[in-house]
Amino acid sequence: MSDRVDIDALLGRMTLQEKIGQLSVLADSIRPFAFDVNPDSFQWGPQRTRELIQAGEVGALFNGVGAAEGRELQRIAVEESRLGIPLLLGADVIHGMRTVFPIPLGEAASFEPELARRTARAAAVEATREGLHWTFAPVVDVARDQRWGRVAETTGEDTYLASQFAAARVRGFQGEDLTANDSLLATLKHFAAYGAVSAGLDYNTVDLSPQTLHDVHLPPFKAAIDAGALTVMSSFNDINGVPATANRDLLTGILREQWGFEGFVVSDYTSDFELIAHGYAADEKHAAQLSLNAGLDMSMQSGVFMDHLATLVAEGAVSLQTLDAAVRRILDVKARMGMFDNPYRSLVVPPEGPAPYLAEHDALARDAARRSVVMLKNASDVLPLRKSGQRIALIGPFARDRENLAGCWNIFGDSTREIDLETGLRAALDDPDSLTVVEGCEIEDAIEGGIEAAVAAARDAEAVLLAVGEPTRFTGEAQSRTQIVLPAAQQALVEAVIATGTPVIVLLRNGRALALSLALQAADAILVTWFLGSQTGHALADLVFGDHSPSGRLPISFPHESGQQPYYYNHPSSGRPYQPGGFEAFRTRWRETANTALYPFGHGLTYTRFEYGEVELSAPQLEWDETLAVRARIANVGTRGGEEVVQLYVHDRVASRVRPLRELKGFEKIALAPGESRIVEFRLSRHDLQFRGVDNRPIAEPGLFDLWLAPSATTGDPVSFELRPAASGAG
Ligand code: NOJ
């Protein structure tokens, strides 16, 4: 139940300065603060911030943490400011607060939105206990270019998968009741098409057809708004020449007029001020005018609203009506959070001592981590390893590493609770001493004698676990790469270890898809382990020793070469499609490599094998207003239990705009015991077949479609069905 505050009456009592104050979120320079996640632009020290709160001239603070100090700040706002409007305290809680869950890209590989809901819930429980009301998450950008460092924060390259996770995470953060003490207000970011930055270069321009914007990049935002999200963050990029933060079509046209969004829009960090560097605004005042008039409600950290809105209103460049509408939206969200009735919500100082839920959250982090791992290959069933009677060498710069477990954008994680690889593996072994650990090289540099020591350890072992990959600092904001490969020092290590002939299992640490060298590809097994968070070591031990079977699937395509980027499975059909093994000249391919993925979207192996029965349709035709049932029997024909992710893809054979080769329209993860089988059923309607037509309106076109139930985006045999026109003949 939201507050009973009368917002119109409150608005009527506010001075212009108080109204403008509500429209800013400032770095929390009073509480212990995360300084290094944004550029340094501190204009307000603790003293000035306190004065602004006292004067009722700031609406929200961000990235500080602590219930006791937060409570004191709130007390100043509520008791000492004239109108007592409570502050909203926000932070980047992206994949866990103190307990760290896998990076969002990793968690997406679980293909379990319900898991994401649960980890978001756990993060909300921890964050609200430490004086936070609001998180700048989930990231719902679709990322089709692996050079972009922020792929790690996303759900990957697919719109449908991103939409499912976006909605689940909002439900998780916000819980059932927004006024509850442990409900964390969610923010959808970055609006919009930030994942489409040109060349995968962070902050770069976005040149995008309106159809691709609507078909690919906007649906996750819409799904999350439908799930109850009440704040949206405008992105740094321009779209077709108009910066998102001053983009009226986006912030007002699409978000409010088309979708009926009732919450507020916050800028990204100084993105309104950056309109000047874009060459879109002449100066700060102009930047404030353009962004507020476009539909931005809250300015993050730049101060351009605080400094210029009063003049702009006086001059008539911003109407009082527009300003009031923004203030009303922010007050309304505060009211829906129950903050007027209970301003100290989420600011209850917890008793000393370990939090009661920690063991529960560690168990969830372990489960989430092992469910996020993707096994790309497992030649001759080299995995799982035995816990005894086998000499194992753990080699690589990530073997003992404790700096790169949480991954990017975890700013409050409790590193003392993190389990590294060596610790986790030793804890699982019957004889912990049967594991030999050798670094071999540093993350980017050789170690003198390192390769020799690694080769000796590999020769002496019956199996090698090779822990290589990217460090955290290669991923996240402003970390675009031109080559998505291992650093040279690690590459040399991989080659030397593979050459020993001892079976090698690669444990790849990565925040994006990587182009795997031939030596890496030659490993006997490859596990994609992302950045798994607090329970990395235990989770990987569970998988390596077979206590848990890998069940993750790739949410991004692994290319052959870096130069294929942007590469994504659902690219539109070309007129000269690549033909594997066939005639190659004058085809859509590169000189050096095929137009395919090395490992496609959706791919992932388990410790068992699944067989797909024939795909059955409830009818050969889908009537305009009806649904089509699509089903197949899936059988576990191996000797171990396991989980399969059954994926439904469609392809529109002939359409008025060139359609993708395949598009994901459904998935279901099922657990089957050895010998067990089950029918998996999906329902399709014409709405699932819709796309933006040449006039940018949503349309579904009658005609033939191909459909697959398959274990990845490039496998399975299609069946076809026909979408029948509407009875009236319209369509
Ligand atoms: C910039 C990032 O783009 C955004 O994701 C984050 O929420 C803000 N900084 C605040 O830290």
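Residues numbered from 1 in each chain as written. Predicted model: local features only at pLDDT ≥ 70, side-chain atom pairs only at ≥ 80, totals over all residues. Heavy atoms only, no water.

A.B. asks: Explain the domain arrangement of the chain here, please?
C.D. replies: How large an interface is tends to be reported as the accessible area lost when its parts come together. Domains assigned within the chain are domain 1 (358-564) and domain 2 (610-723). In this structure, domain 1 and domain 2 have C-alpha centres spaced 34 Å apart. Opposite the seven residues of domain 1 that make contact, domain 2 presents eight residues. Contact between domain 1 and domain 2 buries roughly 570 Å² in total, counting both sides, with carbon and sulfur atoms accounting for 33%. Counting the surface domain 1 buries against domain 2, the share from its top three residues, R371, S551 and R553, is 67%. At the boundary of domain 1 with domain 2, the tally comes to two salt bridges. Two residues, R553 and E644, come together in a salt bridge whose shortest N-O distance is 2.7 Å. For the interface between domain 1 and domain 2, the tally reads four residue pairs in polar contact (both at pLDDT 80 or more). By residue class, the composition of the side of domain 1 that touches domain 2 is one nonpolar, four polar and two charged. (Domains from an automatic or database assignment. Contact = heavy atoms within 4.5 Å. Buried area = accessible area lost by both parts, 1.4 Å probe. Salt bridge = Lys/Arg side-chain N within 4 Å of Asp/Glu carboxyl O. Polar contact = N/O pair within 3.5 Å; in protein donor to acceptor, adjacent residues only side chain to side chain. Nonpolar A, V, L, I, M, F, W, Y, C, P; charged D, E, K, R; others polar.)

A.B. asks: Would you mind showing me how to read the layout of surface pockets here?
C.D. replies: The gaps of empty space that remain are located by a probe, the size of a water molecule, rolled over the atoms. Here the largest pocket defines a volume of roughly 1200 Å³. Around the largest pocket, the lining comprises 43 residues; the ones closest to its centre are T159, H214, D215, V216 and P219. Elements with a contribution of two residues or more to the lining of the largest pocket: α7 (159-174), α8 (210-217), α9 (219-226), β24 (663-672) and β26 (691-692). The greatest single-element share of the lining of the largest pocket, amounting to six residues, is contributed by α8. Split by residue class, the lining of the largest pocket holds 19 nonpolar, twelve polar and twelve charged. (1 Å grid on protein atoms, 1.4 Å probe; cavity = no way out; pocket = protein on both sides within 12 Å on 5 of 7 lines; lining within 4 Å. Points joined across faces, edges and corners; volume = space filled by probe spheres on them. Helix = DSSP H or I, 4+ residues; strand = E, 2+ residues; numbered from the N terminus.)

A.B. asks: Which parts of the structure should I look at to understand helix α10 (residues 248-258)?
C.D. replies: The periodicity of an α-helix, 3.6 residues per turn, causes residues three or four places apart in sequence to face the same way. Those residues of α10 that fall on the buried side of the exposure criterion are L250, L251, T252, G253, I254, L255 and R256. With a side-chain oxygen lying 3.3 Å from the backbone nitrogen of D249, the N-terminal cap of α10 falls on N247. At the C-terminal side of α10, G260 shows a positive phi close to 70 degrees. (Buried < 20%, exposed > 50% of the residue type's maximum accessible area, 1.4 Å probe, protein only.)

A.B. asks: Honestly, the environment of P577 in this entry has me stumped. Any pointers?
C.D. replies: Turning to its location among the elements, P577 is positioned in the loop between β17 (558-559) and β18 (597-599). The exposure class of P577 is partly exposed, given its relative accessible area of 38%. Sequence-distant contacts of P577, defined by excluding residues within four places in its chain, comprise R587 and T588.

A.B. asks: I'm lost on the sheet that holds strand β28 (residues 703-710) in this one. Help?
C.D. replies: Strand pairing in a sheet relies on backbone hydrogen bonds. The paired strands run either parallel or antiparallel. Pairing is mixed in the open sheet, where five strands are placed in the order β21-β29-β28-β23-β24. Taken across any chain shown, the strands that pair with only one partner, and hence form the sheet edges, are β21 (621-622) and β24. Direction of pairing for β28 relative to strand β29 (residues 719-723): antiparallel, over a ladder of five bridges. Of the residues in β29, the one forming a bridge with F705 is F721. (Pairing = 2+ DSSP bridges.)

A.B. asks: Please clarify how the packing of helix α6 (residues 113-129) against helix α15 (residues 358-372) should be interpreted in this entry.
C.D. replies: Between two packed helices, both the angle of their axes relative to each other and the distance between the axes serve to describe the pair. Look at α6 against α15: their axes get within 11 Å of each other, and the N-to-C directions meet at 145 degrees. Crossing of α6 over α15 shows left-handed handedness. Contact residues: α6 offers L115, R118, T119, A122, V125 and E126, while α15 offers L358, H361, L364, A368 and R371. Partitioned by chemical class, the residues of the contact of α6 with α15 number six nonpolar, two polar and three charged. (Axes fitted to C-alpha atoms, helices over the stretch in contact; angles between N-to-C directions. Left-handed = near helix turned anticlockwise from the far one by under 90°.)

A.B. asks: What should I look at first to understand the pairing of strand β1 (residues 24-27) in this one?
C.D. replies: Every other side chain in a regular strand lies on the same face of the sheet, so the side chains alternate between the two faces. In terms of strand pairing, β1 meets strand β10 (residues 299-300) through two bridges, oriented parallel. When the bridges of β10 are listed, S24 appears paired with S299. Of the crossover connections in this fold, the one passing from β1 over helix α3 (residues 46-54) to the parallel strand β2 (residues 60-62) is right-handed. (Right-handed = clockwise from strand over helix to strand, strands pointing away.)

A.B. asks: When you look at α15 in this model, what are you seeing that I'm missing?
C.D. replies: Between its first and last C-alpha atoms α15 spans 21 Å; for 15 residues at 1.5 Å apiece the expected length is 21 Å, and the two agree. Burial analysis of α15 places eleven of its 15 residues in the buried class, the great majority of the element. Along α15, the residues classified as buried are L358, H361, D362, L364, A365, D367, A368, A369, R370, R371 and S372. (Expected span 1.5 Å × (residues − 1).)

A.B. asks: What should I look at first to understand the sheet that holds strand β4 (residues 134-135) in this one?
C.D. replies: Within the open sheet, the five strands sit side by side as β4-β3-β2-β1-β10. Their pairing is parallel. Every interior strand has two partners, whereas the edge strands, β4 and β10, have only one. Here β2 pairs with strand β3 (residues 88-91) via three bridges, running parallel. The residue of β3 that forms the bridge with A60 is L88.

A.B. asks: Whenever I open this one, the side chain of S302 confuses me. Can you help?
C.D. replies: Mapped onto the elements of the fold, S302 is located in the loop between β10 and α13 (304-315). Within the structure, the side chain of S302 is placed 2.8 Å from the side chain of D272, a separation counted as a polar contact. Engagement of the side chain of S302 in a polar contact is seen with the side chain of S299, the distance being 3.1 Å. S302 has contacts with Q43, W44, T270, D272 and F273, leaving out every residue within four places of it along the chain.

A.B. asks: Even after reading the chapter, I still don't get the site of the ligand, so can you show me in this structure?
C.D. replies: By nearness alone, 14 residues border the ligand, and N38, D92, R150, H190 and D268 come closest of all. R150 places a polar side-chain atom, nitrogen or oxygen, 2.7 Å from an oxygen atom of the ligand. About the coverage of the ligand: the protein hides 100% of its 300 Å² of free accessible area. Here the residues of the shell around the ligand are counted per class, giving six nonpolar, three polar and five charged. (Near = heavy atom within 4 Å. Areas by Shrake-Rupley, 256 points an atom, 1.4 Å probe, with all protein chains shown as cover.)

A.B. asks: Please explain the environment of A363 as it appears in this structure.
C.D. replies: In this structure, A363 sits in helix α15. Along the primary structure A363 and A539 are separated by 176 residues, whereas in three dimensions their C-alpha atoms are 9.8 Å apart.

A.B. asks: Which parts of the structure should I look at to understand unusual backbone geometry?
C.D. replies: Glycine aside, residues mostly have negative phi, and peptide bonds are mostly found in the trans state. With an omega of 5 degrees, the peptide bond running from K189 to H190 counts as cis. In this fold, H190 is placed in strand β5 (residues 187-191). Omega for the bond connecting F191 with A192 falls within 30 degrees of zero, at 5 degrees, which places this linkage in the cis form. Looking at where A192 falls in the secondary structure, it is placed in the loop between β5 and α8. Non-glycine residue S346 carries a positive phi angle of around 60 degrees. A positive phi angle, near 60 degrees, is found at A478, a position not held by glycine. Take A478: it is sitting in the loop between β14 (463-469) and α18 (488-499).

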